[in-house]
Amino acid sequence: MPPTLASLVHHSALKLTVRAGEDRLDVPVRWAHVSELADPVPYMEGGELLLITALKLDAEDPHTMRRYVKRLVGAGVVGLGFAVGVNYEEIPKALVDAAREEGLPLLEVPRRTPFLAISKAVSAAIAADQYRAVTAGFAAQRELTKQALTDGPEGLLAALASQVDGWAALYDASGAVVATAPEWAGRRAARLTADVERLRERPAPASSVVGGPEHEDRVELHTLGTGRRPRAALAVGTAAALGTAERYAVHSAIALLTLTTERSRSLHAAEQRVGAAVLRMLLAGEPDHARAVAGDLYGDLLDAPFRVIVAEAASVSAARVVDSGARVPLPKTSAAVLVDASGAQGDPLGALTEVVESAAARAGEAVLVVPEGEGDAARVVVLAADGGAAVAACAEYAAALEAARAGVVPEQPGAAADEDEVVVGLSAPAGPIAAAAAYKQAEQALSVARRRGRVCVEHEQLAAGSVLPLLADDAVKAFADGLLRALHEHDATGRGDLVASLRAWLSRHGQWDAAAADLGVHRHTLRYRMRRVEEILGRSLDDADVRMELWLALKATSAE
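The structure displayed is predicted, hence computed values, not measured ones.

Quick notes on the rules
Residues numbered from 1 in each chain as written. Predicted model: local features only at pLDDT ≥ 70, side-chain atom pairs only at ≥ 80, totals over all residues. Heavy atoms only, no water. Pairing = 2+ DSSP bridges. Helix = DSSP H or I, 4+ residues; strand = E, 2+ residues; numbered from the N terminus. Axes fitted to C-alpha atoms, helices over the stretch in contact; angles between N-to-C directions. Contact = heavy atoms within 4.5 Å. Buried < 20%, exposed > 50% of the residue type's maximum accessible area, 1.4 Å probe, protein only. Polar contact = N/O pair within 3.5 Å; in protein donor to acceptor, adjacent residues only side chain to side chain. Parallel < 35°, antiparallel > 145°, perpendicular 65-115°, else oblique. Nonpolar A, V, L, I, M, F, W, Y, C, P; charged D, E, K, R; others polar. Salt bridge = Lys/Arg side-chain N within 4 Å of Asp/Glu carboxyl O.

Considerations on the sheet that holds strand β13 (residues 379-385)
Ordered in space as β12-β13-β11-β14-β15, the five strands form an open sheet in which the pairing is mixed. Both outer strands of the open sheet, β12 (367-372) and β15 (456-458), are each paired with one neighbouring strand and no more. Strand-to-strand twist across the sheet, computed as the mean angle between neighbouring axes with direction ignored, equals 15°. Alignment of strand β11 (residues 306-313) against β13, held across seven bridges, turns out to be antiparallel. Within the sheet, the bridge partner assigned to A311 lies in β13 and is V380. The sheet contacts of helix α13 (residues 435-452) involve β11, β12, β13, β14 (422-426) and β15, and relative to β14 the element is tilted by about 140°.

See below:
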C-alpha cells in the first residue's frame, strides 16, 4: 500500500515527532511538497504532506494560523511538516492549536533531517508500492492465463474474483449471463442486464461503473471484442474502488476474454462454412453425406425433427413487394426495441442471428446458421431443433416486433420499411430427408409474410388458414378489375345485373333454379344473362378454369 504519515513517523532515519492529529496518521501520502508561500493552496492537488519553515508566515499569530490551516485542510493536504531550528526554535503554539482544532496532523521535523530526505522516503515508498502492484499484476496475469487455458472463461472468472476479492460475471452478446464466480453472484449479475444492454449501445470499447442498491457493492462493466459491436461484456463487483494490482488483473481479464471471443468468432466462421456445406447437401437430397460432414458439430440437430427458418431484411422485402405491384403497409418499428433485444441496431439479420444463437448456446442445443447472398440479396437460413430454445427465441423476437407495431398508423404504400426490421418464414417440422421441402415451405411462408406486412409467418398457419387473404394482393385486384370491367360497364348502362347474376350462379355451383331463386328472377332470365356474360367476356362458363378465375375475381373485388 502507499506510504502513510504513520509509516513516515516510524521511519527511523527521519526522526519525526507528532505534535497534532495523532488519530489521523493512517492517511495515505501521495507526495511530499515544499512551499514557503503564504497561500500554497492553488498549487495543491490533495493528498500531499506539506513541508514548511514558516519563512513568510507569521506563525505566532493565531488568526493567521487558523486561516492558513483551514485552507490547507480544505485543499486536501493530509499533513504539515514544520522544520524547527530554522526560523523558529520550536513550533509556535498558534500553529499547534490551529492544527489540533482542524484535526490536521502536524509533524515536527528536526534540523538534522532535510526536507529532501522526507521527499526521498515518500518517493521510494510510492515506487515500492507501484512495484509491488506491477509484480502482483503480472502474477495475476499469469494465473488468469493459466486458468483461461485450463478451465476456460469459467476458470478465468473464478481467478479474477479471487484477485479482486469480489465477484465477476460474463455476459453474452444478447446481455444474458453466461457464467459467474462465485456461484452466489448469479442473482446479482442478473440484476445488471439492463445496464449491460445500455453499455452495448455505446461505441466499443466502453465501460461504466454501477453502484448497487444502498451501496451494496461497486460494479465495473466492460465490453469485450474488437469490432464495432461488442461480442460480450464483463462485470466485476467489489466492496471498494479497485487498487493498482486489482486494476491490472481486470485489464488482463478483459484482454484474455477478448482474445477468447475473437478466437470464438474465427471458429464460428469456420463452423458456418461447415454448416453451409451441410445445408447444400441436405437441399440436394443427400442426407447421409450431410450427416457425415456434420459430425459432432451438427449431428445432434439431424437426429431429431428440425425447422427451417428463412429471414431477410424488411427493407429488402418491401422492395420486392413494390416491384411485384403489391400494396402492403409497412409501419416503422422503434429501433430501440431491437437494441433492447439484441444490440445490433442497423443490422437486422445480425440481430436475429444473435438472438437465435444466444438462445441455443444457453440451452446447450445445436443450431445451424448460414448467411446467403450479399447486399439487397442477403438473407439468413437457420436449421434449429423443433420445440427448442432457438425456435422459441425467434418466435418471441418476432412477437416483440409485432407488438411494437401495435397502434402505429401504417405508412403509405411503397414506403420504405424500417432498416432494423426483419421478415421471417418458418417451415413445419421436418427431418433430413425432407429438408428441401422444408426449405421451400420456409420460403413460401416468407413470401406470405412479405406480402401481408408481417414479421413472421409459419407454414403451418398457411395450411390452417384461408386462401382468401391472399387476394388482397394489388396484382390480384388489378387482374380482377380487368377481367370484370366489361361486365361492370354493361351493368352501369342499366341493361341488367350481370355481375350479381354471375356471383349468384357461381355460388350455387351452376344450379339454375337455386341461383334464380336467390336473385328473384326466372331461371330462363338467368340463362339469358349467363349467355350475355359469355358473349361479353369471350369465354365459356363450361370451362372449370374460367369459372375459378371469375369466382376469385369476384371475391377479390368484393373485399374492397
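There's plenty left to go through after this.
Some details on the sheet that holds strand β5 (residues 106-109)
In space, the five strands of this open sheet follow the order β1-β5-β4-β3-β2, with mixed pairing throughout. Where the open sheet ends on each side, the last strands, each with one partner, are β1 (17-20) and β2 (31-34). The sheet shows a mean angle of 30° between the axes of neighbouring strands, direction not considered.

Let's talk about the environment of A124
As for its position among the elements, A124 is in helix α4 (residues 115-164). Distance in space between the C-alpha atoms of A124 and P3 is 9.1 Å, their sequence separation being 121 residues.

Observations concerning the side chain of S35
Within the secondary structure, S35 sits in the loop between β2 and β3 (48-52). Taking the relative accessible area as the measure of exposure, S35 reaches 7% and is therefore buried. Here L37 takes part through its backbone nitrogen, which lies 3.3 Å from a polar atom of the side chain of S35. In this structure, S35 is in contact with P40, L50, L51 and I52, ignoring residues within four places of it in sequence.

A short note on the environment of V521
Locating V521 in the fold gives a position in the loop between α17 (512-519) and α18 (523-537). Along the sequence, V521 and S501 sit 20 residues apart, while their C-alpha atoms lie 9.7 Å from each other. When residues no more than four places from it in sequence are discounted, the contact partners of V521 are A516 and R529.

Examining the packing of α17 against α18
Between α17 and α18, whose axes approach to 9 Å, the crossing angle comes to 100°. Classified by the angle between their axes, α17 and α18 sit roughly perpendicular to one another. On α18, the residues touching W512, D513, A515, A516 and L519 of α17 are R523, L526, R527, R529 and M530. Tallied by class, residues from the contact of α17 with α18 come to six nonpolar, no polar and four charged.

Brief notes about unusual backbone geometry
In this structure, P182 follows A181 across a cis peptide bond, with omega equal to -10°. Turning to its location among the elements, P182 is positioned in the loop between β7 (177-181) and α5 (185-190). Backbone geometry places K15, a non-glycine residue, at a positive phi of 60°. On the secondary structure map, K15 appears in the loop between α1 (5-9) and β1. Positive phi, normally seen in glycine, also occurs at D165, with a value near 55°. Following the sequence through the fold, D165 ends up in the loop between α4 and β6 (167-171). Note on D165: relative accessible area 68%, which makes it exposed.

Remarks on helix α16 (residues 498-507)
At 3.6 residues per turn, the α-helix brings residues three or four places apart onto the same side. For α16, a buried count of seven out of ten residues is recorded, marking the element as mostly surrounded by other parts of the structure. Inspection of α16 places L498, V499, S501, L502, A504, W505 and L506 among the buried residues, and these make up the whole buried set. Capping of α16 at its N-terminal end is provided by D497; its side-chain oxygen lies 3.4 Å from the backbone amide nitrogen of A500. After α16 finishes, the residue H509 shows a positive phi value of roughly 55°.

Here we look at the pattern of salt bridges
On inspection of all chains with the given rule, the structure shows 20 salt bridges. Note that D217 is salt-bridged to R188, the shortest N-O span being 2.9 Å. Here the residue D217 occupies a position in the loop between β8 (207-211) and β9 (218-224), and R188 occupies one in helix α5, the gap between them amounting to 29 residues. Where D386 meets R307, a salt bridge forms, and the shortest distance between an N and an O atom there is 2.9 Å. Separated by 79 residues along the polypeptide, D386 in the loop between β13 and α12 (389-405) and R307 in strand β11 bring together distant segments of the chain. For D386, a relative accessible area of 33% gives the class partly exposed. Classification of R307 as buried rests on a relative accessible area of 10%. Salt bridges linked by common partners bring R218, E220 and R247 together as one network.

Shape descriptors only; they carry no functional weight alone.
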